[in-house]
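Spelled out from the first residue to the last, the chains are:
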Amino acid sequence: MSATPTRRMVAVTVLVPVVVALALWAFAWPAARTAPRDVPVGVAGPAAAAAGIERGFEQRAGAFEVHRYEDETAARAAVEDRVVYGAVVASPEGVTVLTAPAGSPAVAQILKEAVTAAAPDGTRVQVADVVPLPSGDPRGSALAASVLPLALAGVAAGALVTVLGLRGLRGAAALTGAALLVGVTAAGIAHSWLGVLDGNWWAEAGALGLTVLAVGASVAGLGALLGVPGIGVGALLMILIGNPFSGASSAPELLPDPAGAIGQWLPPGAGAWLLRSVAYFDGNGIGSALLTLSLWAGLGLLAVVVGPRLRRTPATTV
């Protein structure tokens, strides 16, 4: 047997277990270590009662980040603006838990359970969903499930642009056009047909399309700079890291450090946050996610345009 086939056999034998180990780590580790970590929540009400609630949160060291508000109106506004995931309002009648299942059903459930468990005996605990999920997706599972298809669509677009040799402005135009069509198609399915999104239709289509463009341009940009191996690097980054670290099925603050932070700086996580904001929160809290996606898309498209020139070998003069 020649050396080359032998090396290929060894490479396959070693690389497959490595990839499997990476996939199990990326998907299983965050799932196995899910727990609240500095989850921003609000507290409102009379000083004495609010202080007692704050102490209850502080007893769970590192789990919650408490924001103090003057009254229920201010606390509700903070929830609607995505400053906090929920809030607890103390009053003479008891305690009201303000939740936002549309932001994270998992956090809403954790907050309700934490307040109920810490409430003194006889205290009346009420729950009010300030930002509920739409009737078409009462558990929020459909939006969470959309992250992987968007990432796959972006990887496919980037791979096709690379393999078909589309470079320069043609490659950038192909990626942009594909992302626009995916955004419109996905919004038509998720909003108009399934009813799992209930925000501004065009804003949702834009968020979906920008997510696909950020992924696709990144993969194609790596392909332009590194050749075909760049497709593999991009796919690993976006699917094996970006998807499980996105926090779409829970929340970034429920993932172990630094998975949650990393996920929000990758297109799948930023895209999930942006989509929730435009679909359920009237566009509040989109700044960081929009910037992240724009940077990935812009840098990726730039690499597609100039990458082939950088890879050219200068002619040698004799």
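What counts and how
- Residues numbered from 1 in each chain as written.
- Predicted model: local features only at pLDDT ≥ 70, side-chain atom pairs only at ≥ 80, totals over all residues.
- Heavy atoms only, no water.
- Helix = DSSP H or I, 4+ residues; strand = E, 2+ residues; numbered from the N terminus.
- Axes fitted to C-alpha atoms, helices over the stretch in contact; angles between N-to-C directions.
- Parallel < 35°, antiparallel > 145°, perpendicular 65-115°, else oblique.
- Contact = heavy atoms within 4.5 Å.
- Nonpolar A, V, L, I, M, F, W, Y, C, P; charged D, E, K, R; others polar.
- Patch = residues over 30% accessible without salt bridge, like charges linked within 9 Å, V, L, I, M, F, W, Y side chains within 5 Å.
- Areas by Shrake-Rupley, 256 points an atom, 1.4 Å probe, with all protein chains shown as cover.
- Salt bridge = Lys/Arg side-chain N within 4 Å of Asp/Glu carboxyl O.
- Buried < 20%, exposed > 50% of the residue type's maximum accessible area, 1.4 Å probe, protein only.
- 1 Å grid on protein atoms, 1.4 Å probe; cavity = no way out; pocket = protein on both sides within 12 Å on 5 of 7 lines; lining within 4 Å.
- Points joined across faces, edges and corners; volume = space filled by probe spheres on them.
- Core = buried A, V, L, I, M, F, W, Y, C linked by side-chain atoms within 4.5 Å.

A. Fine view of unusual backbone geometry. A cis amide bond links Asp257 with the next residue in sequence, Pro258, at an omega value of 0°. With respect to the helices and strands, Pro258 occurs in the loop between α9 (229–242) and α10 (259–264). Phi is positive for Asp282, close to 55°, though the residue is something other than glycine. Relative to the assigned elements, Asp282 resides in the loop between α11 (267–280) and α12 (287–311).

B. Quick peek at the packing of helix α6 (residues 147–163) against α9. At a closest axis distance of 10 Å, the pairing of α6 and α9 adopts a crossing angle of 170°. As judged from the angle between their axes, α6 and α9 are roughly antiparallel. Between α6, through Leu148, Ala151, Leu152, Val155, Ala159, Thr162 and Val163, and α9, the contact on the second element is made entirely by Ile231, Ala235, Met238 and Ile239. Residue classes in the contact of α6 with α9 are distributed as ten nonpolar, one polar and no charged.

C. Structural view of a nonpolar patch on the surface. Judged by side-chain polarity, Trp265, Leu291, Leu295, Leu299 and Leu302 come together as a nonpolar surface patch covering roughly 530 Å² of accessible area. One can find Leu291 in helix α12. For Leu291, a relative accessible area of 47% translates into the label partly exposed.

D. Highlighting empty space enclosed by the protein. For the coordinates displayed, the defined rule picks out two cavities of 30 Å³ or more. Roughly 70 Å³ of volume is contained in the largest cavity. Gly247, Ala248, Pro252, Trp273 and Arg276 are, among the 13 residues lining the largest cavity, the residues nearest its centre. Per element, the largest residue contribution to the lining of the largest cavity is four residues, and it comes from α11. Of the residues contributing to the lining of the largest cavity, the split by class is five nonpolar, six polar and two charged. By volume, the second largest cavity amounts to about 60 Å³.

E. Just the packing of helix α8 (residues 201–226) against α11, in detail. Running from N to C, α8 and α11 cross one another at 175°; their axes reach a closest spacing of 9 Å. On the basis of the axis angle, α8 is roughly antiparallel to α11. Counting all contacts with α8, which are made through Ala203, Glu204, Ala207, Leu208, Leu210, Thr211, Ala214 and Val215, the residues of α11 involved are Pro267, Gly271, Leu274, Leu275, Val278 and Ala279. By residue class, the composition of the contact of α8 with α11 is eleven nonpolar, two polar and one charged.

F. Seen up close, the nonpolar core. In this structure, Phe57, Val131, Leu175, Leu197 and Tyr280 are the most contacted members of the largest nonpolar core, which totals 68 residues. Among the elements that line this core, the one with the most residues is α8, at nine residues. Those residues in contact with Phe57 that sit more than four places away from it in its chain are Val41, Val43, Phe64, Val66, Val88, Leu111 and Val115. Within the second largest apolar cluster, nine residues are counted, among which are Ala151, Val155, Val219 and Ile239.

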